[in-house]
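Letter by letter, the chains look like this.
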Amino acid sequence: MARGKLRIYLGAAPGVGKTYAMLAEAHRRVERGTDCVVAFVEHHGRPRTEVMLHGLEQVPCKELEYRGGVFGEMDVDAVLRRAPAVALVDELAHTNIPGSRNAKRWQDAEELLAAGIDVVSTVNIQHLESLGDVVESITGVRQRETLPDEVVRRADQIELVDMSPEALRRRMAHGNIYQPDKVDAALSNYFRPGNLTALRELALLWVADRVDEYLNQYRSEHRVSKIWGSRERIVVGLTGGPEGRTLIRRAARLAEKGAGGEVLAVYIARSDGLTAASPKELAVQRTLVEDLGGTFHHVVGDDIPAALLDFARGVNATQIVLGSSRRKAWQYVFGPGVGATVARDSGPDLDVHIVTHEEVAKGRGLPVARGARLGRTRIISGWAMGVAGPSVLALLLNSVDIGLANDMLLFLAVTVAAALLGGLLPALASVALGSLLLNYFYTPPLHRWTIADPKNIVAIVIFFGVAVSVASVVDLAARRTHQAARLRAESEILSFLAGNVLRGETSLEELLERVRETFAMESAALLERKSDVEPWTCAGRAGFGPTLERPEDADVDMPVGDHMALALTGRVLPAEDRRVLAAFGAQAAVVLDRRRLQEEADRARTLAEGNRIRTALLAAVSHDLRTPLAGIKAAVSSLRSADVDWSEEDRAELLEGIEEGADRLDHLVGNLLDMSRLQTGTVTPLIREIDVDEVVPMALGGVPENSVDLDVPESLPMILADPGLLERSVANLVENAVKYSPHGRRVLVSASALADRVEVRVVDRGPGVPDTAKDRIFEPFQRYGDAPRGAGVGLGLAVARGFAESMGGTLNAEDTPGGGLTMVLSLRSVHGTQPVTQYPETAATPAPGAGGPGGAEPERQTLC
């Protein structure tokens, strides 16, 4: 039986219309006479989606009991018995209830496909296994239900269901996706514009890569060698010379002119590996092309123009960028050059750009690989083998007669051994001595320097030539092997340095320790001085031994700039090691500058924090002390006045007001003293583990009754905060929200967990604040709009943000869906792995017991 075909509607986020599009496709197929059934569809209470189910045959669900509840899952056996031509299977990433036929719904779909039934299904981009970490970093929500990417990649058709973030948020606000009581929370968390934009980009890029795979597969199956310019792909041919950087930048500019342009830099190496390219320059060019968003490729080929064109056609490139030849005029007698050959053979479908540069006609100028210097031990061993080896062999062969041909082969073996050990010169000495010994001891007439048979003369000459040739090749191979190992080690070191530059990970001491270990030195130090006349100081040191005071005291000193040097003790380094040491020195200077910039940034941050705390102190003194002081003064003045005869009830009321004002002053002065000590560094906030539901209600004591709705679940994780500072921050936020809320509209104070944070949200339905003014309202003495002076001097929010940041939290303003302003106070939770808020369809249907906050099962509305 032929396998069924899988069609997937892929969406960037819940609510874009995947299920609706799937049902619309089902109606089209039914109208064409196709036998199509609904195997499982979740409409999530969306009326328009539910209406689309009318007129479609539905296979009844299989009901399963779990933890006291009854859940409906797709009945695979019933669908197989029904044997339709097409089955609709919604939410392919869904985890089935324990006791189901398969653990995952995509495994159910695989059974239907294996039975020859076509399957139409839906998936959100965040449910792909490979994108789980990326989605979590964007949204703060870990998707607990995923499916392997390969399941989606094997689909016969993938259709992207797309919608702009603005349109999706409008659908959400109109109640077309979630129930009204969940709209505000969803818009403020998962469905933020930035989250939706990032998820949309992920979906578009994933589908674009899949389309690219389809295109390459089609071209391969149909043997299409002609280039199809579906998108601009620009191949840059590199030689390893300094002009490569110019070519890469030029190609990047060409790619920017077309939508979806791609740059591929390629270096063609000879198959024998004997290249004159600089590994260091190639590493720099690799970093440059990757920084510009391109890719670097290393291709082996002896015919450079043919290899370059094969690569370009293989990647479906549309343009090739090459540099003008660096050869001098007389060198063109050897051929037209790579650029001219590529331009001639490129054909009409591949454009070739020849870019001029500063190295034109200056000669190749590439660093030629030097022969590797062999060690003293190997050279001595080689000479011993080359001189003593033939003599010892002659003594051994005098006792046995094995024939002249075998004698020559044995002497040839000694020559090869001398070349392997000591290089060419010991091998030549072995050839010369071996030829003489062969002539004297083994070529008639024996023990004479003459040769009677002319054939033996030819044999001796051939032996000499073969031995010299073999010795040359062996010596070259040995040196190239040694040189390749050294270059590989250097490239690894340079790659390590380049990676640290990009990541900024290694400290100065760690880098100096790496220098000391790499070159087997006793100590390594970075010395610096401010001017030529001032003494040297040690900026960093690794190893053992006395501290160096001057670079001249070291065994090796490498200048780094005008007033800095890298000094090493232990031994004298050869000249070829100094180029790698220079790279280490440059990196050490970068690390030192980065450390000092970080220290300056820390000092600036400390000063800014002090300014923020001083602002909070001033705000508290001006804003919070003025009202109780004014009330106390008015009450005392009234009691002392002789013009009015106060009754006992009036006196009691005035005294009660004085007592309340004094209590409030006492509380505020205590907080101000703590903040003052915090500013001077003599005390830190008392950060401890606390429950949000214990502190937030205490902050509502100063607001009118029935003006605030409180929604703080007890199941929230504990947070790290100072109870007093948190209470003051929330109190200021609630007071500000009540002040601007319309009469009769309550302020909502809610809390929820999001990743490793807990957010306290104060939501009002007031006039709101435009985006351009959201940061300004947190500045001292700022009153938004036409608020009267009696409403305060505009310091409450500044105090709240100062207190929040002193506890390691953040305070930001967001728009309330439907109008108003929402203050979001975010604090660290004790456990970063606490459950986070999920919404229907963002994680498909959660596994039993893994629902929303508190582990409750989410509502499920299912039609099968």
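Our structure is the block above this text.
Residues numbered from 1 in each chain as written. Predicted model: local features only at pLDDT ≥ 70, side-chain atom pairs only at ≥ 80, totals over all residues. Heavy atoms only, no water.

Explain a positive patch on the surface here, please?
Together, R249, R250, R253 and K257 give the surface a local cluster of positive charge. Take R249: it is sitting in helix α10 (residues 244–256). (Patch = residues over 30% accessible without salt bridge, like charges linked within 9 Å, V, L, I, M, F, W, Y side chains within 5 Å. Areas by Shrake-Rupley, 256 points an atom, 1.4 Å probe, with all protein chains shown as cover. Salt bridge = Lys/Arg side-chain N within 4 Å of Asp/Glu carboxyl O. Lys, Arg positive; Asp, Glu negative; His and termini not counted. Charge placed at Lys NZ, Arg CZ, Asp CG, Glu CD. Helix = DSSP H or I, 4+ residues; strand = E, 2+ residues; numbered from the N terminus.)

Help me out: how do you make sense of unusual backbone geometry in this one?
In terms of backbone geometry, most residues other than glycine have negative phi values and most peptide bonds are trans. Of note, the phi angle at A83 is positive, near 50 degrees, even though the residue is not glycine. Here A83 lies in the loop between α3 (76–82) and β6 (86–89). Here A83 falls in the partly exposed class, since its relative accessible area comes to 45%. If you check the backbone angles, E91 has positive phi at about 55 degrees while not being a glycine. With respect to the helices and strands, the residue E91 is situated in the loop between β6 and α4 (105–114). (Buried < 20%, exposed > 50% of the residue type's maximum accessible area, 1.4 Å probe, protein only.)

Mind showing me how you'd approach the nonpolar core here?
Proteins that are soluble and globular tend to have nonpolar side chains buried together. Counting 67 residues, the largest nonpolar core has L88, L112, L147, F191 and W206 as its most contacted members. Setting aside anything within four residues of it in sequence, one finds F191 in contact with P14, L168, R169, M172, Y178, A186 and L196. With 42 residues, the next largest nonpolar core counts A699, A731, A773 and L827 among its residues. (Core = buried A, V, L, I, M, F, W, Y, C linked by side-chain atoms within 4.5 Å. Contact = heavy atoms within 4.5 Å.)

Teacher, can you tell me more about the packing of aromatic side chains here?
Any pair of aromatic rings gets described here by the distance separating the centres and the angle formed by the planes. Using the criterion set out here, one finds zero aromatic pairs in the structure. Above the plane of the ring of F40 lies R105, whose end atom (NZ or CZ) is 3.9 Å from the centre. For R801, the ring lying beneath its charged end belongs to F778, and the centroid distance is 3.9 Å. (Phe/Tyr/Trp six-rings, centres within 6.5 Å; stacked < 30°, edge-to-face > 60°. Lys NZ or Arg CZ within 6 Å of the ring centre and 35° of its normal.)

How do you make sense of helix α7 (residues 165–173) when you look at a structure like this?
Helical geometry note: an α-helix holds 3.6 residues per turn, so side chains three or four residues apart project in the same direction. For α7, every residue scored as buried is listed here: P165, A167, L168 and M172. Each buried residue of α7 sits inside an arc of 165 degrees when the element is viewed along its axis, so together they form one side. Phi turns positive, to about 80 degrees, at G175, one or two residues after α7. (Arc of directions from axis to C-beta.)

Hey, could you run me through the side chain of D90 in this one?
Looking at the secondary structure, you find D90 in the loop between β6 and α4. Buried charge D90 goes without a salt bridge, the closest partner of opposite sign being R105 at 6.3 Å. At 3.2 Å, the side chain of D90 forms a polar contact with the backbone nitrogen of E42. If near-sequence neighbours (up to four positions away) are discounted, D90 is found in contact with T19, M22, F40, V41, E42, R105, S121 and T122. (Polar contact = N/O pair within 3.5 Å; in protein donor to acceptor, adjacent residues only side chain to side chain.)

In this structure, what is going on with the side chain of R105? I would like to understand it.
Its place among the elements puts R105 in helix α4. A distance of 3.3 Å separates a polar atom in the side chain of R105 from a polar atom in the side chain of E73. The residues contacting R105, other than those within four sequence positions of it, are F40, E42, E73, V89, D90, E91, L92, H94 and N96.

So what exactly am I meant to see when it comes to the environment of V284 here?
Its location among the elements puts V284 in helix α11 (residues 279–291). Separated by 44 residues in the primary sequence, V284 and G240 have C-alpha atoms spaced 9.7 Å apart.

Please clarify how helix α14 (residues 376–397) should be interpreted in this entry.
Compared with the 32 Å implied by 1.5 Å per residue over 22 residues, the 31 Å span of α14 between its first and last C-alpha is a close match. Of all bends in α14, the biggest is about 40 degrees, found at A388, and the proline P390 comes one to four residues later. When α14 is considered as a whole, its buried residues turn out to be G382, G386, G389, P390, L393, A394 and L397. (Expected span 1.5 Å × (residues − 1). Bend = angle between axes of the 7 residues up to and from the residue.)

I would appreciate a short explanation of the pairing of strand β17 (residues 564–569) in the present structure.
Regular strands have side chains that alternate between both faces of the sheet. Of all the six residues making up β17, six are buried; the element is thus mostly covered by neighbouring parts of the structure. Taking every second residue as pointing to the same face, both faces of β17 are buried, with M564, L566 and L568 on one and A565, A567 and T569 on the other. Pairing geometry for strand β14 (residues 523–528) and β17, over six bridges, is antiparallel. If you follow A525 over to β17, its bridge partner there is A567. For strand β16 (residues 556–559) and β17, the ladder comprises four bridges, and the chain directions are antiparallel. Residue V556 lies in a different strand from β17, and its bridge partner there is L568. What sits between β16 and β17 in their antiparallel hairpin is a turn of four residues, with G561 showing a positive phi close to 75 degrees. (Pairing = 2+ DSSP bridges.)

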